[in-house]
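Understanding the architecture of this molecule
Spelled out, the chains give:
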Amino acid sequence: MELNRLVSELANFLQVVRFQDYCPNGLQVEGRPEVRRIVTGVTASQALIDAAIEANADAIMVHHGYFWRGEPAEVTGMKRKRLKQLLTHDISLLAYHLPLDAHPEVGNNVQLGKVLGWPLVRYLDEKNMLPMASLPQAVSLKQLGEHISGELGRQVQLLGDPGQQVRTVAWCTGAAQSYIQQAVTAGVDVFISGEVSEQTWHTVQETGTAYIAAGHHATERYGVQALGQWLANNYGIEHIYIEVENPI
């Protein structure tokens, strides 16, 4: 598939123009003009680039790419090394941040809900970033945490009374801990995201809405895999997902 067409099809599918983001969405580094094999991963780290080179990939597609707002503009250090590897091996880099979080089919939030077995009831926001679900029956916060830990393969962090009974859940992948306020307003029993901040503890203590930090990387592995599979199914591009371990 021609690279330009690939970028255009992804922009349309993910509705990139809807989002004002912290980074450019789409093609960030241009490589060879045709893409037959694409490697996906969560973050365009050096380890993922090295693995993509080993896999003879034409392109890499990630959730966390480069050129974030506020970062130093100079191409030095590890940024220089990463870009040099991509350019030397003629590998394109595509990145989709908020558009991949919010997409109703392959988005991180929808895909995490599927992994955890939570059928979506509704969204708590207008941008479809905060899905909500009702569990079949109430469980303790500890039991819910054990379920999430088992499905994601990492130990989650619970904030709240482990014995508290919870039935309604809302979530947003990555570093969305500040969205707990919207969950509180909606009367949700527990909010789940990837990371946790100091002030989150006080919100939990003072509102009664519990919080589970399930890992930034762990909660955002599934959208890019689903997007890669969508490309494979619809355009015949060979797709390889590469997991680069990250405990955060």
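Refer to the preceding data block for the structure.
Treat the numbers as computed from the prediction; the structure is a model and nothing was measured. (Residues numbered from 1 in each chain as written. Predicted model: local features only at pLDDT ≥ 70, side-chain atom pairs only at ≥ 80, totals over all residues. Heavy atoms only, no water.)

So, on to the sheet that holds strand β7 (residues 157–159). On the basis of which strands lie adjacent, the open sheet formed by six strands has the order β5-β6-β8-β9-β10-β7 and mixed pairing. In the strand order of this sheet, the two ends are held by β5 (122–123) and β7, each with one partner. As judged from the three bridges shared by strand β8 (residues 165–171) and strand β9 (residues 190–193), these two strands associate in the parallel manner. Bridging across to β9, Trp171 finds its partner in Ile192. Running over the sheet, helix α6 (residues 141–152) touches β6 (131–140), β7, β8, β9 and β10 (210–213) and is turned about 120° from β6. (Pairing = 2+ DSSP bridges. Helix = DSSP H or I, 4+ residues; strand = E, 2+ residues; numbered from the N terminus. Contact = heavy atoms within 4.5 Å. Axes fitted to C-alpha atoms, helices over the stretch in contact; angles between N-to-C directions.)

Moving on: the sheet that holds strand β11 (residues 238–241). Reading across from one edge, β1-β4-β3-β2-β11 is the order of the five strands in this open sheet, with mixed pairing throughout. In this open sheet, the two edge strands, each paired with only one partner strand, are β1 (26–29) and β11. Averaged over neighbouring strand pairs, the angle between their axes works out to 30° when direction is ignored. By the bridge criterion, four bridges tie strand β3 (residues 59–64) to strand β4 (residues 92–95) in an arrangement that is parallel.

The next subject is the side chain of Gln111. Turning to its location among the elements, Gln111 is positioned in helix α5 (residues 108–116). Since its relative accessible area comes to 14%, Gln111 is described here as buried. Those residues within four positions of Gln111 in sequence are excluded, and the remaining contacts are Glu105, Val106, Tyr222, Gly223 and Ala226. (Buried < 20%, exposed > 50% of the residue type's maximum accessible area, 1.4 Å probe, protein only.)

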